[in-house]
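Residue-level listing of the chains:
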Amino acid sequence: MKTLLSAVLALVASSATASAITVVTPANGAQVTSPFTLTASTTTCGGVPAVSMGYSIDSGPTAIEPISFTAKVNASSGAHVLHVKCWGVNTNAQTQLNITVGQAPLSSDIAVSNPVSGAAVGSPFKVVASSKTCGSVPTASMGYSIDSGSAVIEPTSFTASVTATAGSHTLHVKCWGSGTAEQVLLPIIIGSTPTPVAATPKFSLASGQYTSKQTVSLSDSTAGATIYYTTNGSGPSTASPKYSAPISVSSSMVIQALAASSGYSNSGLARASYTITLPPSGPSIPSNAIKETELQLMPKWRTKFDPATNGSASGSMSIVSTPSLDGSQTAQFYTTFSNYGGVLYSVTYGQDSAPMNFVYDAQVWIGAGSEIGNLEMDNNQVVSNGDTIIYAFQCAGDTNTWDYSENAGTPSQPDVKWVRSNQTCNPANWTKNTWHHVQISTSRDDAGNVTYHSVWLDGIEYPINQTVMSAFSLNWAAADLIANFQVDGTSGSGSSTLYLDAFTIYRW
């Protein structure tokens, strides 16, 4: 147990400013967390041999130490003056360091919904807190204390009534786990008329581990409250982004949020941690496959109204810089329509009649406000006998399924039909203003039969496993390989803006 300064008053007869005190840590002006490490030493004090050292925070009591020491020091959040002192026979000296004490980054999910940091509260006031993890291990218990007072132990989710004297205090909310402990520090002011506190935001999805991309919505029960949030690990404030739409969580992420409303103190911190572990997915592509990349940037794309659709439509394609997966270029497709009209965008990307297997691989972005009936992604191949094999596939809004085409007639007298699969898909339900990864695996035989194996949307596989005849005698150029990207409208009239990036077709 360290003694106070009074234990060595007998050594002090006068105050001197000269000293040989060395403070290894913290440095003057440092930002530290509580508790922080103080390491200091001296051999002389005021020109005479030193007999003891000590330290204090601001004008607080002094803890006595030997002439070379390391100590753990607790201090409330904010700016302080650290006094490091020495004593010799009939003399004393000290050095002063300005430090700022902050809160250590937590590897715990301590959530305090009441009170909020900086709140003015009455006495008694309620502390509402919970924690599932403490220092990355399961929380065993929680507790709280006022300033440097004794901790009151509580369960891992608790509501407690706390009494404190009027004035400024630091509320310590703590957690303990196996071999670990952490805490959050909340400055509060005890008064007689506390300001009401905005409700803490709520998450639509609980923290946890997920094997697919998730969408998280935030809500708050305080009327007129604005929610501010962060996803980069920093604490939110009213300078953080405002919440306005569901948040797409495609990789591991920690979302933190608070609510602010006129006439209320800011809410407590809401925190949710999501770990996204996507299972291995996607088609199997052999190492000898031929890879045609960045098809969206190829010249001589063609734009044509599809006469097989109703109504009317027109479209344009341009190369733009945003949105782009790598910050360079992407292709924009702008389509206007009426009464289900569609526009076919196509490009010849090579000549090769031999391959029997294909993977259509593209990233698709649907702009906000776009109206889409069907989104069609086709691949065409002119084979050695002159017939064209059509690998036609679409996400159909009229059937809410993934559909594929077949020739129900003969190559010379074709009868084209769309066949509905048992896998659901509707482009109207795709999240807007984000990239979606589409991969379609197909193959053919020498007789012109096409097998639609599977489609993957954002890493989720939808097996099709259906074989149909799909050869057509169209007299197209020998060995041509043609990629299609078609956008159909809905009823009435409207428009859509889509982007295509990282467009790749594999063949072998």
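For the structure, see preceding data.
Okay, so let's go over this structure. What you see is a predicted model; the values in this text were computed from it and never measured.

### Digging into the overall build of the protein
Counting its secondary structure elements, the protein contains 0 helices and 43 strands. Relative to the compact-globule value of 23 Å for 508 residues, the protein shows a C-alpha radius of gyration of 34 Å, a clear excess of over 25%. Considered along the principal axes of its C-alpha atoms, the protein spans approximately 115 × 50 × 40 Å. Classification of the 508 residues of the protein by burial places 46% in the buried group. Each charge class in the protein can be summarised by its mean position, and for the 19 positive and 28 negative side chains these summaries are 11 Å apart.

### Points about the nonpolar core
If you look at the biggest cluster of nonpolar residues, it comprises 45 residues, and the most contacted ones within it are Val364, Leu375, Trp402, Trp430, Phe485 and Phe503. With 5 residues, the top contributor of residues to this core is strand S32 (residues 357-366). Excluding residues within four positions of it along the chain, valine 364 makes contact with Leu375, Trp430, Thr434, Trp435, His436, Val438, Phe485, Leu498, Tyr499 and Leu500.

### Observations concerning empty space enclosed by the protein
Taken as a whole, this structure holds 1 cavity of 30 Å³ or more when the rule is applied. The volume enclosed by the largest cavity comes to roughly 60 Å³. Lining the largest cavity are Phe358, Val359, Tyr360, Met377, Asp378, Asn379, Tyr391, Phe393, Ile440 and Thr442. Listing elements by their share of the lining of the largest cavity, those giving two or more residues are S32, strand S33 (374-382) and strand S38 (435-444). Grouping the constituent residues of the lining of the largest cavity by class yields 7 nonpolar, 2 polar and 1 charged.

### A closer look at the sheet that holds strand S20 (residues 208-210)
Ordered in space as S20-S26-S25-S23, the 4 strands form an open sheet in which the pairing is mixed. Each edge of the open sheet carries a strand with a single partner, namely S20 and strand S23 (226-230). Geometrically, the sheet is characterised by an average inter-axis angle of 25° between neighbouring strands, direction not taken into account. Alignment of S20 against strand S26 (residues 270-276), held across 3 bridges, turns out to be parallel. If you follow glycine 208 over to S26, its bridge partner there is tyrosine 274.

### Some remarks on the packing of aromatic side chains
Throughout the structure, instances matching the rule amount to 14 aromatic pairs. An angle of 50° between the planes, with centres 6.3 Å apart, marks the rings of tyrosine 210 and tyrosine 274 as tilted. Of the two residues, tyrosine 210 sits in strand S20 while tyrosine 274 sits in strand S26, which places them 64 residues apart along the sequence. The class for tyrosine 274 is buried, based on a relative accessible area of 1%. Ring geometry for phenylalanine 358 versus tyrosine 391: centroids 5.1 Å apart, planes at 50°, classification tilted. Remark: tyrosine 391 occurs in strand S34 (residues 388-391) and phenylalanine 358 occurs in strand S32; sequence separation between them is 33 residues. Residues phenylalanine 358 and tyrosine 391 agree in their burial class; the two are buried.

### Here we look at the layout of surface pockets
Size it by volume and the largest pocket reaches roughly 1,000 Å³. Contributing to the lining of the largest pocket are 36 residues, with Asp306, Ala308, Glu376, Trp418 and Gln486 lying nearest its centre. Elements that contribute at least two residues to the lining of the largest pocket include exactly strand S28 (302-305), strand S31 (342-351), S33, strand S36 (401-407), strand S37 (416-424) and strand S42 (480-488). A breakdown of the residues in the lining of the largest pocket according to their chemical character gives 14 nonpolar, 14 polar and 8 charged.

### Here we look at the sheet that holds strand S16 (residues 157-162)
Taken together, the 3 strands give an open sheet; going across it, the order is S10-S12-S16, and neighbouring strands pair in antiparallel fashion. Strands at the two margins of the open sheet, each flanked by one partner only, are strand S10 (111-114) and S16. Averaged over neighbouring strand pairs, the angle between their axes works out to 25° when direction is ignored.

### Some details on the pairing of S36
In terms of burial, S36 is largely enclosed, as 6 of its 7 residues are buried. Note: strand S35 (residues 393-396) against S36, 4 bridges, orientation antiparallel. Bridge pairing in S36 links alanine 396 to threonine 401. Hairpin geometry of S35 and S36 is characterised by an intervening segment of 4 residues between the two adjacent antiparallel strands and by a positive phi of about 60° at asparagine 400. Where S36 meets S37, 6 bridges bridge the pair, whose relative direction is antiparallel. The residue bridging serine 405 from the neighbouring strand is tryptophan 418, located in S37.

### Observations regarding the side chain of serine 496
With respect to the helices and strands, serine 496 occurs in strand S43 (residues 493-507). Judged by relative accessible area, which is 2%, serine 496 ranks as buried. Here serine 496 is in contact with Phe333, Tyr334, Thr335, Ser370, Glu371, Ile372 and Val487, once residues within four sequence places are set aside.

### Brief notes about the pattern of salt bridges
Inspection of every chain in the model, using the stated rule, returns 3 salt bridges. A salt bridge links lysine 213 to aspartate 458, with the shortest nitrogen-to-oxygen separation between them at 3.6 Å. Separated by 245 residues along the polypeptide, lysine 213 in the loop between S20 and strand S21 (214-216) and aspartate 458 in the loop between strand S39 (449-457) and strand S40 (460-469) bring together distant segments of the chain. Lysine 213 gets classed as partly exposed once you look at its relative accessible area, which sits at 26%. The partner of glutamate 292 in a salt bridge is arginine 507, with the nearest N and O atoms 2.9 Å apart.

### A short note on the state of the cysteines
The final tally for this structure, using the stated rule, is 3 disulfides. The disulfide bridge from cysteine 134 ends at cysteine 175, spanning 2.1 Å between sulfur atoms. Taking the sign of the S-S torsion, 80° for the link of cysteine 134 and cysteine 175, the bridge is right-handed. With cysteine 134 in strand S13 (residues 133-134) and cysteine 175 in strand S17 (residues 167-177), this residue pair connects regions lying 41 residues apart in the sequence. Per residue, the accessibility class of cysteine 134 equals that of cysteine 175, and both read buried. Cysteines bonded in the protein are numbered consecutively along the chain; their disulfide partners then correspond to 1-2, 3-4, 5-6.

Each value, and the rule that gives it
Residues numbered from 1 in each chain as written. Predicted model: local features only at pLDDT ≥ 70, side-chain atom pairs only at ≥ 80, totals over all residues. Heavy atoms only, no water. Helix = DSSP H or I, 4+ residues; strand = E, 2+ residues; numbered from the N terminus. Rg over C-alpha atoms; globule rule 2.2 N^0.38 Å. Buried < 20%, exposed > 50% of the residue type's maximum accessible area, 1.4 Å probe, protein only. Lys, Arg positive; Asp, Glu negative; His and termini not counted. Charge placed at Lys NZ, Arg CZ, Asp CG, Glu CD. Core = buried A, V, L, I, M, F, W, Y, C linked by side-chain atoms within 4.5 Å. Contact = heavy atoms within 4.5 Å. 1 Å grid on protein atoms, 1.4 Å probe; cavity = no way out; pocket = protein on both sides within 12 Å on 5 of 7 lines; lining within 4 Å. Points joined across faces, edges and corners; volume = space filled by probe spheres on them. Nonpolar A, V, L, I, M, F, W, Y, C, P; charged D, E, K, R; others polar. Pairing = 2+ DSSP bridges. Axes fitted to C-alpha atoms, helices over the stretch in contact; angles between N-to-C directions. Phe/Tyr/Trp six-rings, centres within 6.5 Å; stacked < 30°, edge-to-face > 60°. Salt bridge = Lys/Arg side-chain N within 4 Å of Asp/Glu carboxyl O. Disulfide = S-S within 2.5 Å.

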